[in-house]
Amino acid sequence: MLIFTKIKSLQQEIKSLKDGTTIGFVPTMGALHEGHLSLVENAKKENDIVVVSIFVNPTQFDNTDDLINYPKTIEKDLSLLKSFNCDIVFTPTPEEIYADNIKSESFDFDGLEFQMEGKFRAGHFNGVGTIVERLFEIVKPHKAYFGEKDFQQIQIIRKMAEKKNLPVQIISCPIHREKDGLAMSSRNTRLTEVQRAAASFIYETLKKAKIQFGTKNASDVLKWVENEFKNHPLFTLEYFEIADEETLLPVKTKNPTKKYRAFIAVFAGKVRLIDNIRL
Ligand code: AMP
């Protein structure tokens, strides 16, 4: 497994690959878990070589505390990736990516960026667009793998690829969960023992909301979810929304030809967790 910290040397390696070599790319922020590794496995199956990036992208954090406290486990990450036969790891510094201008570009994602996460994390998707476009330019992957845990992010990246005509196929991969149903996340390691033991409540609530959506309308399901969290001693609901998978607009009246998903963001103390479920 080759490890690069510099753009130039990574690009030299990529240029030296035999013509026709297909590259699968998995961008991550590290603190890897089985969710990330499932993306690597999919990329391995479908491409000649797999490149994983590990980069905690400063421009997508709207909260400095979250950025500073983002877990970093680089040695463990590298040995996991090696054991999964990853070919290339790219671990640049912020300066390598942004030089002395750590700023996002501005994107128009046709309104996808104003829903859900976009309402609560100012500038987040401009940061995501900036880093993903930059990494695509550097790595030039044929296929790039993203997890449905960040479903809105996938739709935004698809939109960017479509609008900018980027020569990359965006592949979405299902959410990996802990045994008790909690969506795997690097941030889970920041939960206290008590919070962690109770955190399956989030997915349990999503599953119950899914059942309710069979017979109730979205605003009744929302009221029920809000009520479930109202008196919860450990978790605070930031948002719950049932939205159209394509437009991410909140559902008004159910249309049987559309696909819907329920999305949730919850605070456990200062740790922010997100999850979603197909309805
Ligand atoms: P992150 O390191 O959190 O930026 O995530 C890197 C990639 O892994 C993103 O495409 C995420 O959606 C994906 N990912 C994170 N957690 C999971 C999970 N539990 N299941 C599947 N994919 C995930």
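Residues numbered from 1 in each chain as written. Predicted model: local features only at pLDDT ≥ 70, side-chain atom pairs only at ≥ 80, totals over all residues. Heavy atoms only, no water.

### Section: the layout of surface pockets
How we decide: Think of a 1 Å grid over the protein atoms and nothing else: a 1.4 Å probe that fits but is trapped marks a cavity, an open set flanked by protein within 12 Å on at least five of seven lines marks a pocket, and residues with an atom within 4 Å of a point count as lining. Grid points are joined across faces, edges and corners, and a volume is the space filled by probe spheres set on the points. In this text, helices come from DSSP runs of H or I with a minimum length of four residues, and strands from runs of E with a minimum of two, each type numbered from the N-terminal end. Nonpolar residues are Ala, Val, Leu, Ile, Met, Phe, Trp, Tyr, Cys and Pro. Charged residues are Asp, Glu, Lys and Arg, and all others, Gly as well, are polar.
The volume enclosed by the largest pocket comes to roughly 260 Å³. Residue lining of the largest pocket: 16 residues in total, with Ile 54, Val 56, Lys 72, Ile 74 and Thr 91 positioned closest to the centre. Top contributing element to the lining of the largest pocket by residue count: helix H4 (residues 74–83), with 3 residues. Looking at the lining of the largest pocket residue by residue, the class counts come to 11 nonpolar, 3 polar and 2 charged.

### Remarks on the site of the ligand
Basically, it comes down to this: Only a single heavy atom is needed: when it lies within 4 Å of a molecule or strand, its residue is near that molecule or strand. Between N or O atoms, a polar contact is any pair within 3.5 Å; within protein, one atom must be a potential hydrogen donor and the other a potential acceptor, and residues adjacent in sequence are included only when both atoms are from side chains. Reported accessibility uses the Shrake-Rupley method at a 1.4 Å probe radius. Residues are deemed covered only where the shown protein chains occlude them. Pocket occupancy is defined atom-wise: a molecule lies in a cavity or pocket when more than half of its atoms are within 2 Å of its grid points.
Lining the immediate surroundings of the ligand are 17 residues, of which Met 29, His 36, Asp 150, His 176 and Met 184 lie closest. Note that an oxygen atom of the ligand is positioned 2.9 Å from one of the side-chain N or O atoms of His 36. His 176 is positioned such that a nitrogen or oxygen atom in its backbone is 2.8 Å from a nitrogen atom of the ligand. The protein chains hide 94% of the 480 Å² of surface that the ligand would expose on its own. Of all the cavities here, the one that holds the ligand is the largest cavity. Only strand E2 (23–28), helix H2 (34–46) and strand E5 (143–147) provide two or more residues apiece to the shell around the ligand. Per-element tally for the shell around the ligand: the top contributor is H2, with 3 residues. Of the residues that constitute the shell around the ligand, the class distribution is 8 nonpolar, 7 polar and 2 charged.

### Re the pairing of strand E6 (residues 169–173)
Operational definition: When DSSP finds two or more bridges between a pair of strands, those strands are recorded as paired. The path from the first strand over the helix to the second decides the hand: if it runs clockwise while the strands point away from the viewer, the crossover is right-handed.
Examined bridge by bridge, E5 and E6 share 5 bridges and lie parallel to one another. Bridging across to E6, Tyr 145 finds its partner in Ile 171. Considered for its hand, the β-α-β crossover made up of E5, helix H8 (residues 151–163) and E6 is right-handed.

### Thoughts on empty space enclosed by the protein
Counted under the stated rule, the structure contains 2 cavities of 30 Å³ or more. Taken as a whole, the largest cavity spans an internal volume of roughly 820 Å³. Around the largest cavity sit 46 residues that line it, and Met 29, His 36, Lys 149, Asp 150 and Gln 153 are the ones nearest its centre. Contributing elements (two or more residues each) for the lining of the largest cavity: E2, H2, helix H7 (124–139), E5, H8, strand E8 (260–268) and strand E9 (271–278). Looking at the lining of the largest cavity element by element, the count peaks at 6 residues for H7.

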